[in-house]
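If you want the building blocks of each chain, they are given just below.
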Amino acid sequence: MKHFINLKDISSNDLKKIILNARKRKSKRKNLNTLEADKDSPLKGKLLIQMFEKSSLRTRLSFYIAIKQLNGGALTLRPDELHLNKGGESLSDTAKIISTFGNAFMLRTDSEKKLNILKKNMTIPIINGLSPNSHPTQVLSDVFTIEEIKKKSISKLQICWIGDSNNVLNSLIEASVKFSFKLTIACPKKYKPNKKLLSWAKNNKGQIKIFSDCKGAAIGSDVIFTDKVISLNDNLNKKKKLREFKDFKVNSAVMKYAKKDAIFLHCLPRGSEVSNEVFLGKQSKVFQQALNRIYVQKSILLYCFDKLR
Ligand code: CP
Ligand code: NVA
């Protein structure tokens, strides 16, 4: 059974197959409406159960549309309506019941531990739709978007991240190893990426450089990424953290350090880490980026169902 929890645990070959499949399927949908199924209806009659313990707009919409386009259906559970949250049912029993009724489970969670317990007890594939340490579906889709726009393999590009060392960056670090691209990171010294992950990247031929200023990281980049300084449910002194990141904002000056044809990406939702001018400017591809979640998640689902051809 194939889960989709962290990019690190999936082979480069499989990740590349997912991207290729997404490209093929997207190109074949030109004349179809949003909820019309792909001609081959590969997941006909299958049920995706999804649950969000944290807010979501894009992941929620894109998984719903993704499974519909594969001719399956989606059911979204509200955690506050389950026995689970009130202590009336164990996680392992919940996992077994979800596995009995559904064919795949997509979870956005506030706890890696919970994700692991569920995984252990599920007999259907589980997809990580964001956890405190990882946002793999987002980043794989971003690789797709970059290759779609740049029309070349991401391995030939330099990707720059400016901002917090959060779940999205963790997945980007994992992707940089799996897809062999150069990754430059600008963050305050105190907020460097996880040491264990960096040493995993180093041991696996990662090409990662960390800077404590935006200029160093942005020079020569093909893509500039950022994300909110305060992630969902971050329990910390928000004002203090925002102050510490005051020199790590993506504005026109930062974009000028990158290549002339560089693009700007942001998984959204956004905060003050990017100027309006950049976010709404010509180099910004954030809406194309958001929509592509549908196409890549369809192929992630097919990977999980072992139907990737
Ligand atoms: N980028 C992303 O995952 O958006 P949502 O939080 O709205 O799902
Ligand atoms: N890093 C952000 C991503 C939101 C999609 C968060 O975890 O809140």
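Let me sum up the structure you'll find in this document.

Rules of the game
- Throughout this document, residue positions are counted from 1 along each chain, in the order its sequence is written.
- Chain letters start at A and ligand numbers start at 1, both assigned in the order the entries are written.
- Side-chain atom pairs in this predicted model are given and counted only at pLDDT of 80 or more, local residue features only at pLDDT of at least 70, and totals for whole chains, interfaces and linings cover all residues.
- Note that the side-chain values use all heavy atoms of the structure and ignore hydrogens as well as water.
- Runs of E in the DSSP output that reach at least two residues are strands. Runs of H or I that reach at least four are helices, and both are numbered from the N terminus.
- When we talk radius of gyration, it's over C-alpha atoms, and the globule rule is simply 2.2 Å times the number of residues to the 0.38.
- Here's how the labels work: a residue is buried when its accessible area is under 20% of the maximum for its type, exposed when over 50%, partly exposed in between, all with a 1.4 Å probe on protein chains only.
- Contacts were defined at the residue level, with two residues in contact if any of their heavy atoms lie within 4.5 Å.
- Accessible surface area values rest on a Shrake-Rupley calculation with a 1.4 Å probe, where residue burial reflects the displayed protein chains alone.
- Any two strands between which DSSP finds at least two bridges are classified as paired.
- The rule is short: rings of Phe, Tyr and Trp, with Trp giving its six-membered ring, pair when the centres are within 6.5 Å, and they are stacked under 30 degrees, edge-to-face over 60, tilted in between.

**Some remarks on the overall build of the protein chain**
So, point 1. Of regular secondary structure, the protein chain possesses 12 helices and 9 strands.
So, point 2. At 19 Å, the protein chain has a C-alpha radius of gyration in line with the 19 Å of a compact globule built from 309 residues.
So, point 3. With the principal axes as the frame, the protein chain shows a C-alpha extent of 50 × 45 × 40 Å.
So, point 4. Counting the 309 residues in the protein chain, one finds 53% classified as buried.
So, point 5. Put simply, of all contacts in the protein chain between residues at least 6 apart along the chain, 73% involve residues at least 24 apart.
So, point 6. Surface summary for the protein chain: the accessible area is close to 14700 Å², and the carbon and sulfur share equals 51%.

**Notes on the pairing of strand β5 (residues 158–162)**
So, point 1. Most of β5 is tucked away: 5 of the 5 residues are buried.
So, point 2. Burial along β5 is two-sided: the residues Gln158, Cys160 and Ile162 and Ile159 and Trp161 are all buried.
So, point 3. Summarising the sheet, β5 and strand β6 (residues 182–186) pair through 5 bridges and their orientation is parallel. Note that in β6 the partner of Ile159 across the bridge is Leu183.

**Some thoughts on the packing of aromatic side chains**
So, point 1. On inspection of all chains with the given rule, the structure shows 5 aromatic pairs.
So, point 2. Residues Tyr191 and Phe245 carry aromatic rings whose centres are separated by 4.8 Å and whose planes lie at 50 degrees to one another, so their mutual orientation is tilted. In this pair, Tyr191 is assigned in the loop between β6 and α7 (195–203) and Phe245 in the loop between α9 (238–244) and α10 (252–257), connecting sequence segments 54 residues apart.
So, point 3. On the basis of relative accessibility, which here comes to 17%, the residue Tyr191 falls in the buried class.
So, point 4. Centre to centre, the rings of Phe245 and Phe248 are 6.2 Å apart; their planes meet at 70 degrees, and the pair counts as edge-to-face.
So, point 5. With a relative accessible area of 6%, Phe248 lands in the buried category.
So, point 6. Ring-pair connections join several aromatic residues into one group, and the members of that group are Tyr191, Phe245 and Phe248.

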